[in-house]
Amino acid sequence: MKDVMGVINLINEPDDLEELTYHRAVASVPFGGRYRLVDFMLSSMVHSGIRNVALFTHAKYRSLMDHVGSGKSWDLARKRNGLFFLPPSIEEVQESLKGDLFHFHKNKDYFLRSSCDYVVLARSHMVCNIDLSEVVAFHKESKADITLVYKEDKTQDTARCRRVQTNAEGRVTVLQDHFGRSDSDKVSMEIYVLKKDLLLDLVETSLAQGYDHFVRNALMRNLDRLNVRGYPFKGYLAVVNSIPAYFRHSMNLLDPEVYQQLFFQPAPILTKVKDEPPTHYTNRARVKNSLIANGCVIDGSVENCILFRGVKVSAGAQLKNCIVLQNGQIMERAVLQNVILDKDVRITNDTTLIGDPKAPYIAEKSKII
C-alpha cells in the first residue's frame, strides 16, 4: 500500500447531531466510551498499510486537532509521509458554501507532492472496521475508474445516506443523493478508490464547469462515462449523522458480538491514549449490561448505559439506557432514562430526565440541570 494515500474528507459532512456538534466537528464526536468517530477510519487506513493520511477539515476543528495531534497514537508521526492536517485558509472560510472539490483544488500541492498513485477518499461518520487493502486490490484487479464501497443493509433508516444500485457485473448504475426515493438496500459508505490523476482531472474539469461537489457533481454526473464498480462490505456499519442513529448504534455496542466485530475485526481500533485509574465500584453500586470507561466512580444504579472517562454516579442515582460523556456528574437520587449528556454536564440532586429511544433527551456541554 505504499502507492496509496488516504483522505478523510470532512468538508460539507452531513450533520444532524444537534447539541453534540455545537462546539465540535462530526469527526470528533465521542463514541463507544473512549473513542471519536474519526478513529475508525484513521485506524482502518493505518492497519491497511496507508502511511500518508490527510484530514481535510472545514469548521469547528479545534477539538479534532486536540484529539488527533501529531498522529502518534496511530503511528502517523513520521518524518516521511504521516498525518497531514489541512484546515481551510481564510479565503476558503469566506467561501464556506463551496464544495469539497474547491478545497481539494486549493490544496492541490499536497496531492502533487506525493509519490502515491492512488487515493482512498472517505468520511468520518461512516463508522466501520474495514481492510482497505482488499478494496484497493479489488480496484486494481477490476480495472475500474472508481471503486465505491457499499453495505447491503436494511437497518440504516435513522440516518441520511446515499443509495446505490449495481448491475449483474457489479457496475454502479444508480447513485442517489441523501433525499432520493430509491428503495435499494445498498448503502454507499462514502469510501472511494481512484487514481490520483483521475481525481485531479475531475477537480479541474468540474470546477471549470461551475461544479464543486465530488459525489454530487464529479461522480453522479459521470456515471455513464466512468467505470464505477461497487465493492460489497460484509462487516458492521454505523452511519452516524443523526441523533437517533447515534443513540441506536451506541446502544448496539452493548451487544458483545457487535462490539467485537466493530472494535477488533479485522484489527483493533486505535485512539488517543489517556492514563486513567480503573473505575471504582462501591458496595452500593448496581451495574448491568453497561460499557464503562476508566476513571469512573459508580455509587448508584447503572443499566444498559455507556459511560465515558471520569463519570461520577452518586448514591441513589438511577441510569437506564443513557450515554454520559467525559466527566459527567450524576448527583444523588437523580433518575435518567434515554438520555445523552455531553462532556462536563452536572445533574443535580433529585432531578428526573426521561427521553424516548427515538428522540433521546440531550444536554449540551457543561450544562447544569
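As shown above, the structure is provided for reference.
Residues numbered from 1 in each chain as written. Predicted model: local features only at pLDDT ≥ 70, side-chain atom pairs only at ≥ 80, totals over all residues. Heavy atoms only, no water.

(A) Geometry of the state of the cysteines. Applying the stated criterion to the full structure yields zero disulfides. In this model Cys-128 remains outside any disulfide bridge; the closest cysteine sulfur is found in Cys-161, 13 Å from its own. Left without a disulfide partner, Cys-322 is nearest to the cysteine sulfur of Cys-305, which lies 4.6 Å away. (Disulfide = S-S within 2.5 Å.)

(B) Looking closely at helix H7 (residues 196-208). Here H7 spans 18 Å end to end across 13 residues, near enough to the 18 Å set by a 1.5 Å rise per residue. Looking at the residues trailing H7, positive phi occurs at Gly-210, about 90 degrees. (Helix = DSSP H or I, 4+ residues; strand = E, 2+ residues; numbered from the N terminus. Expected span 1.5 Å × (residues − 1).)

(C) Fine view of the pairing of strand E12 (residues 228-232). Burial within E12 is extensive, with four of its five residues counted as buried. The sheet contact formed by strand E8 (residues 146-152) and E12 spans five bridges and is parallel. Note on E12: the bridge partner recorded for Leu-148 is Gly-230. (Buried < 20%, exposed > 50% of the residue type's maximum accessible area, 1.4 Å probe, protein only. Pairing = 2+ DSSP bridges.)

(D) A look at unusual backbone geometry. Omega for the peptide link from Gln-265 to Pro-266 comes to 10 degrees, which places this bond in the cis form. Although it is not a glycine, Asn-81 adopts a positive phi angle of roughly 60 degrees. Tracing the sequence through the fold places Asn-81 in the loop between helix H2 (62-68) and strand E5 (82-86). Overall, the relative accessible area of 41% leaves Asn-81 in the partly exposed class. Here the phi dihedral of Asn-289 falls at roughly 45 degrees; this positive angle occurs in a residue that is not glycine. Within the element layout of this structure, Asn-289 appears in the loop between strand E15 (286-288) and strand E16 (291-292). Overall, the relative accessible area of 43% leaves Asn-289 in the partly exposed class.

(E) Molecular detail of helix H10 (residues 256-264). What H10 keeps buried is the set Val-258, Leu-262 and Phe-263. For H10, the buried positions fall inside an angular range of 100 degrees around the axis, keeping them on one side. Away from its buried face, by an angle of more than 90 degrees, H10 presents the exposed residues Pro-256 and Glu-257. With a side-chain oxygen positioned 3.0 Å from the backbone nitrogen of Glu-257, the residue opening H10 is Asp-255. (Arc of directions from axis to C-beta. Polar contact = N/O pair within 3.5 Å; in protein donor to acceptor, adjacent residues only side chain to side chain.)

(F) Spotlight on the packing of aromatic side chains. This model, assessed by the stated rule, comprises 16 aromatic pairs. Taking the centre distance of 6.0 Å and the plane angle of 15 degrees together, the rings of Phe-56 and Phe-111 count as stacked. Residue Phe-56 is found in strand E4 (residues 52-56), and its partner Phe-111 is found in helix H5 (residues 108-113); the two are separated by 55 residues along the sequence. Look at Phe-104 and Phe-111: their rings are 6.0 Å apart centre to centre, the planes differ by 75 degrees, and that puts the pair in the edge-to-face class. Across this residue pair, the class does not change: Phe-104 and Phe-111 are buried. Through a chain of ring-to-ring contacts, three or more aromatic side chains come together here, namely Phe-31, Tyr-35, Phe-40, Tyr-246, Tyr-259, Phe-263 and Phe-264. (Phe/Tyr/Trp six-rings, centres within 6.5 Å; stacked < 30°, edge-to-face > 60°.)

(G) Spatial organisation of the pattern of salt bridges. Summed over the entire model, instances satisfying the criterion amount to ten salt bridges. In this structure, Glu-190 and Arg-162 form a salt bridge, with 2.8 Å as the shortest nitrogen-oxygen distance. Residue Glu-190 is located in strand E11 (residues 186-195), and its partner Arg-162 is located in the loop between E8 and strand E9 (163-166); the two are separated by 28 residues in the primary sequence. Neither Glu-190 nor Arg-162 differs from the other in exposure class; each is buried. Here Arg-284 ties to Asp-299 by a salt bridge, and the two come within 2.7 Å at their closest N and O atoms. Highlighted residues: Arg-284 in the loop between strand E14 (280-281) and E15 and Asp-299 in the loop between strand E17 (297-298) and strand E18 (301-303), separated in sequence by 15 residues. Here the residues in one salt-bridge network are Glu-332, Arg-333 and Asp-350, joined through shared partners. (Salt bridge = Lys/Arg side-chain N within 4 Å of Asp/Glu carboxyl O.)

Remember that the coordinates give geometry; whether it matters functionally is a separate question.
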